[in-house]
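Summary of the model geometry
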Amino acid sequence: MTTSGRASVHVKAPGKINVFLKVGALDDDGYHDVAIAYQAVSLCEDVRVSDASDFSVEVAGSVELSRVPLDGGNIAIKAARLLAARTGYPGGARIRIEKHVPVTGGMGGGSADAAATLVACDALWGTELPREELLDLARQLGADVPFALTGGTAIGTGRGDELSPALAQGTFHWVLALADFGLSTPAVYAELDAHRARHAQDIFPADLRPSVDAGVLHALRAGDAHMLAEALHNDLQAPALHLEPSLADVLELGEQNGALAGVVSGSGPTVAFLAADVDSALELQVALSASRLNVVRATGPVHGARIVGD
Ligand code: ATP
């Protein structure tokens with residue numbers, strides 16, 4: 001029996017859109033610093049944990065699930081094990097994930113599962129780690145996990161995991177075009193590096209320590225969708241398009257059908273379209289569905305991983 005006295009805990013954690021992503025030059029250690037403006041959106045993962053003597057995971061949901069590991073490779077199991085190791089908790093957890101964020105879609109679904117599992121196990125086991133320590137475990141699990149824990153709107157620097165909250169107001173309306181294939185984040189970064197190496201003579205070298213453009217911060221602060229549309233940017237978009245040229249047609253289709261702007265989210269292949277308001281988002285959703293794209297609507301920002309009542 002857990003010390004919390006609960007039989008199970010249900011946590012919701014959000015997927016994210018990178019409204020701005022700049023990738024720095026390759027560091028000596030083979031990594032890049034990034035500058036990211038994250039927005040948590042209403043496309044969420046539902047994670048339920050209950051007491052068990054060992055660790056297991058089951059996965060269901062509305063997205064293609066074949067690429068989700070069901071063994072210790074699942075990031076939710078890694079999260080639960082990490083928390084148990086940190087706190088000395090002797091038992092395990094049965095983890096049930098209901099996925100709504102596309103897998104390898106560039107929206108941080110796995111990171112949301114990890115953040116949700118940390119919060120859920122911490123409550124189930126009654127370990128009650130201070131927030132800073134949970135954030136520290138989140139960082140060890142992956143660069144996007146701390147943001148899934150905090151949610152809202154934030155700026156990430158370093159590897160993307162050094163977070164500071166960004167002032168934001170209002171609600172932004174997104175239409176997300178989900179692909180029926182995934183793109184591997186390391187492959188997209190490798191394509192960016194190869195492109196930069198090929199064009200070293202004719203493009204400006206990337207900053208080693210990039211920062212988020214002032215225009216993005218301004219747009220978020222003003223809650224102005226038109227302004228944000230002008231400021232959307234992703235250095236990983238060109239390499240993602242290079243690996244998957246069909247994404248260029250998706251971007252064009254959205255812009256022809258009333259999107260203020262579109263951007264590949266993170267390393268793709270999800271394309272996020274920003275709409276002026278809820279009515280334009282609905283119209284865009286209908287138009288893109290008619291073109292046989294798999295689209296969902298989402299709003300942002302929303303809060304990070306948190307316990308919900310069943
Ligand atoms: P990011 O935007 O953070 O780069 P992503 O959204 O592109 O991530 P995810 O779906 O979060 O990608 O993770 C994809 C990879 O992680 C796949 O290789 C998958 O096998 C592995 N993985 C491990 N655990 C999970 C999980 N719980 N859900 C989804 N993928 C998982």
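Before reading further, recall that the structure is shown in the block above.
Values in this document were obtained by computation on a predicted structure and should not be read as measured data.

So, how was this worked out
Residues numbered from 1 in each chain as written. Predicted model: local features only at pLDDT ≥ 70, side-chain atom pairs only at ≥ 80, totals over all residues. Heavy atoms only, no water. Core = buried A, V, L, I, M, F, W, Y, C linked by side-chain atoms within 4.5 Å. Buried < 20%, exposed > 50% of the residue type's maximum accessible area, 1.4 Å probe, protein only. Helix = DSSP H or I, 4+ residues; strand = E, 2+ residues; numbered from the N terminus. Contact = heavy atoms within 4.5 Å. Salt bridge = Lys/Arg side-chain N within 4 Å of Asp/Glu carboxyl O. Phe/Tyr/Trp six-rings, centres within 6.5 Å; stacked < 30°, edge-to-face > 60°. Arc of directions from axis to C-beta. Expected span 1.5 Å × (residues − 1).

**Some thoughts on the nonpolar core**
With 38 residues, the main nonpolar core has Val49, Leu83, Ile95, Leu118, Trp125 and Leu149 as its most contacted residues. For this core, the secondary-structure elements that each account for two or more residues are strand 1 (8-26), strand 2 (32-52), strand 3 (55-61), helix 1 (75-87), strand 4 (92-99), helix 2 (109-125), helix 3 (131-141) and helix 4 (145-150). Looking at this core, the element that brings in the most residues is helix 2, giving 11 residues. Those residues within four positions of Leu83 in sequence are excluded, and the remaining contacts are Leu118, Cys121, Asp122, Trp125, Thr127, Leu129, Leu134 and Leu137. Core analysis: the next-biggest nonpolar cluster, separate from the first, contains 29 residues, Met107, Ala225, Ala261 and Leu274 among them.

**Structural notes on the pattern of salt bridges**
All chains considered together, the criterion is met by 15 salt bridges. One salt bridge connects Asp213 with Lys22, and the closest N-O pair in it is separated by 3.5 Å. Of this pair, Asp213 sits in the loop between helix 5 (185-198) and helix 6 (214-222) while Lys22 sits in strand 1, and the two are 191 residues apart along the sequence. Overall, Asp213 belongs to the partly exposed group, its relative accessible area being 36%. Among the ionic pairs, Glu58 bridges to Arg94, the shortest N-O distance being 2.8 Å. One end of the pair, Glu58, is in strand 3; the other, Arg94, is in strand 4, with 36 residues separating them in the sequence. Linked by salt bridges that have partners in common, Asp27, Asp29, Asp33, Arg159 and Arg209 make up one network.

**Describing the packing of aromatic side chains**
Enumeration according to the criterion identifies three aromatic pairs in this entry. On the basis of an interplanar angle of 75° and a centroid distance of 6.4 Å, the ring pair of Phe55 and Trp125 is categorised as edge-to-face. With Phe55 in strand 3 and Trp125 in helix 2, the pair connects residues that are 70 residues apart, well separated along the chain. When the centroid spacing of 4.3 Å and the interplanar angle of 10° are considered together, the rings of Tyr89 and Trp125 count as stacked. Highlighted residues: Tyr89 in the loop between helix 1 and strand 4 and Trp125 in helix 2, separated in sequence by 36 residues. Members of the aromatic cluster, joined through ring pairs, are Phe55, Tyr89 and Trp125.

**Describing helix 9 (residues 246-256)**
When helix 9 is considered as a whole, its buried residues turn out to be Leu247, Val250, Leu251 and Gly254. Along the axis of helix 9, the buried residues cluster in a sector spanning 100°; they form a single face. Turned more than 90 degrees off the buried face of helix 9, the exposed positions are Asp249 and Gln256. Among the residues trailing helix 9, Gly258 stands out with phi positive, at a value near 100°.

**Overview of helix 1**
With 13 residues, helix 1 should cover 18 Å at 1.5 Å per step; its first-to-last C-alpha distance of 18 Å lies within 8% of that length. If you check which residues of helix 1 are buried, you get Ala76, Ile77, Ala79, Ala80, Leu83 and Ala84. For helix 1, the buried positions fall inside an angular range of 160° around the axis, keeping them on one side. Next to the buried residues of helix 1 lie strand 3, strand 4, helix 2 and helix 3.

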